[in-house]
Amino acid sequence: LFQQIVGVAKKLPEAKFFIGGNAALMGETMAAMGVQVLLGGPMGPQAMKLLSSSINVPRDCIRAQDEVHLILEFGRGETWGDVEASVATRFIFSNDVSNARMEPLEAFFGQLEQFGPDLVVLSGLHLLEKEEDGFRQKRLARVVTMLRNIPDGIAVHLELASMVDMAFLNKIAKEVFPVVHSIGLNEQELAFLSQSVDGPLHAELFDGGQPEIAAVNDILFWLLKVYGHSKENPSSCFSRIHFHSLTFHVTAALPTFWGNLPSATAAGSRAAPQQACGEGDVITAAITDLKIPRAFPLSVQHPPLRRKIVTYDPSHPITSWMREKVEFAFSPVLVCKKPIRTVGLGDAISATGLLYSQFKGTQ
C-alpha cells in the first residue's frame, strides 16, 4: 500500500525530491559549509543523484531501491476539511525498514577509523520504537557498544526526534546519553523527554502556546545535572544540549567540554530563517517576525535567575549566563512569515550549531 501511495505522489506535478532523514539532512548542511562527510544510511539511486559530492557513502549502505519519506507541507491558514493549520508545518509518514532496523550501523562504524572524523552524529533511534522489544533492546545495546569504542577527542552528538514510548525514551536517556557528548531536540521532544524521565516542568512548558523560556532553561539544567558529566557521574560524556523551537533557541553546556556557545547558538538561529524563507543570506524584517516576549525571566525554579528579567535588546540579541557549572546561551529566531520549506529545519539548526561549537575533548 505504501508503495502505491509513493507511486501516486511521484506523478503529482508539484512533487519535489530532496535528500531525507535526519543524518542525511545534517550531512548536507555540513557539506554545504565545506566539511567532508561520511554518511551511514540506506542510499538508493535517486538519493545518490541528489547527494553532495562532499558526502561519502560506505558501499554496504548503497541499495537498489530508495527508502522514501512522504512529506506533506502546508502553510498557516490552509485547511483540510474543517481543520485549519494554526502554523506552517508538515505531516510525515514512511515505511523505512532499513533505518528502522538500523541496518547501516555496522557499515558506518566499519569505515569510521579510516575516515578519521572530528564529529560523529547519530540519529534515527526513534525509528526503533515500532520494532519488537527484544530486537530494539539488542540494537540499542549495539549502538551503545559502538559509541563507547569511539576514540577520545571525537565529539558525539545525538539528534532526537518525536517519540511516543515513554519507557523506551527513558532507556535511551539512561543508556545512550552517558556515551554521547551532545543532544539536539525541539520543544515537543523536550517536554516528552522530561515527562519520560520524571523531570521538572513538562506540564508547564507550553503555558500560553509557545514554550516558556524559563521552563526550558530549568529542564535543560536538570537534564545535565542528572545525566551529565560531574564528580558524582565521572564516566558520563554528556555535556551539551541544543534546544531549538520556532521562536528561540537555547544551548546549555559544561564549559570544560564546550566553548563558543553564544556564537554557535546565534549561528543555529540564523540557519532557521535562511532555510525556511529560501532567501539564502538575505534575511530582512519584511519577511520575518520576532515572536519572543520583550522581557522574560531566566528560571522558574531558581530564585536568583527567576528575579533576573532579561529585556530584549536588538543590538545585543544573544543572552549568556551561568547556573552553577552550566553555561547557557539564548538566541531569538527571526520567524519566516511565509515559509517555503519547514522540513529539515531542526537538522540544519543542529548541524550549524555543532560546526560553530568548540569541542574541548574528554576531560
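Every chain is numbered on its own, with residues counted from 1 as its sequence reads. In keeping with the model being predicted, local features are shown solely for residues with a pLDDT of at least 70 and side-chain atom pairs are shown and tallied solely at 80 or more, while totals for entire chains, interfaces and linings include all residues. Processing note: side-chain calculations cover all non-hydrogen atoms of the structure and skip hydrogens and water entirely.

### What about the pattern of salt bridges?
Whenever a carboxyl oxygen of Asp or Glu lies within 4 Å of a side-chain nitrogen of Lys or Arg, that contact is scored as a salt bridge. Taken as a whole and assessed by the stated rule, the structure comprises ten salt bridges. A salt bridge links Glu-106 to Arg-139, with the shortest nitrogen-to-oxygen separation between them at 2.9 Å. Of this pair, Glu-106 sits in helix H5 (residues 105-115) while Arg-139 sits in helix H6 (residues 133-148), placing them 33 residues apart in sequence. Between buried and exposed lies partly exposed: a residue is buried under 20% and exposed over 50% of the maximum accessible area for its type, with that area taken using a 1.4 Å probe on protein chains only. For Glu-106, a relative accessible area of 29% puts it in the partly exposed group. With its nearest N and O atoms 2.8 Å apart, the salt bridge here joins Arg-323 to Asp-218. Of this pair, Arg-323 sits in strand S16 (residues 319-323) while Asp-218 sits in helix H9 (residues 213-227), and the two are 105 residues apart along the sequence. Accessibility classification places Arg-323 together with Asp-218 in one group, the buried group. Numbering of helices and strands starts at the N terminus; helices are DSSP runs of H or I of at least 4 residues and strands are runs of E of at least 2.

### Regarding the packing of helix H10 (residues 261-277) against helix H12 (residues 345-355)
Simply put, an axis is a line fit to the C-alpha atoms, just over the touching stretch for a helix, and the angle between two N-to-C directions goes from 0 to 180 degrees. Two elements in contact, H10 and H12, have axes whose closest approach is 8 Å; the angle formed by their N-to-C orientations is 150 degrees. Along this stretch, H10 crosses H12, giving a crossing that reads as right-handed. Facing H10, whose interface residues are Ala-264, Ala-267, Gly-268, Ala-271, Ala-272, Gln-275 and Ala-276, H12 presents Leu-345, Ala-348, Ile-349, Thr-352 and Gly-353. The residue classification treats Ala, Val, Leu, Ile, Met, Phe, Trp, Tyr, Cys and Pro as nonpolar and Asp, Glu, Lys and Arg as charged. All others, Gly included, are polar. Its residues placed into classes, the contact of H10 with H12 shows eight nonpolar, four polar and no charged. Should the near helix be turned counterclockwise from the far one by less than a right angle, the crossing is left-handed, whereas a clockwise turn marks it as right-handed. Two residues qualify as a contact provided that any one of their heavy atoms is within 4.5 Å of a heavy atom in the partner residue.

### Considering the sheet that holds S16
Taken in spatial order, the seven strands of this open sheet run S7-S8-S9-S10-S11-S17-S16, and their pairing is mixed. Strands at the two margins of the open sheet, each flanked by one partner only, are strand S7 (119-123) and S16. Recorded for the sheet is a direction-independent mean angle of 15 degrees between the axes of neighbouring strands. Any two strands with at least two DSSP bridges between them are considered paired. The pairing of strand S10 (residues 240-244) with strand S11 (residues 248-253) spans five bridges and is antiparallel. Within the sheet, the bridge partner assigned to His-244 lies in S11 and is His-249. This element, H12, spans S7, strand S8 (155-159), strand S9 (182-185), S10 and S11 of the sheet and lies at about 140 degrees to S10.

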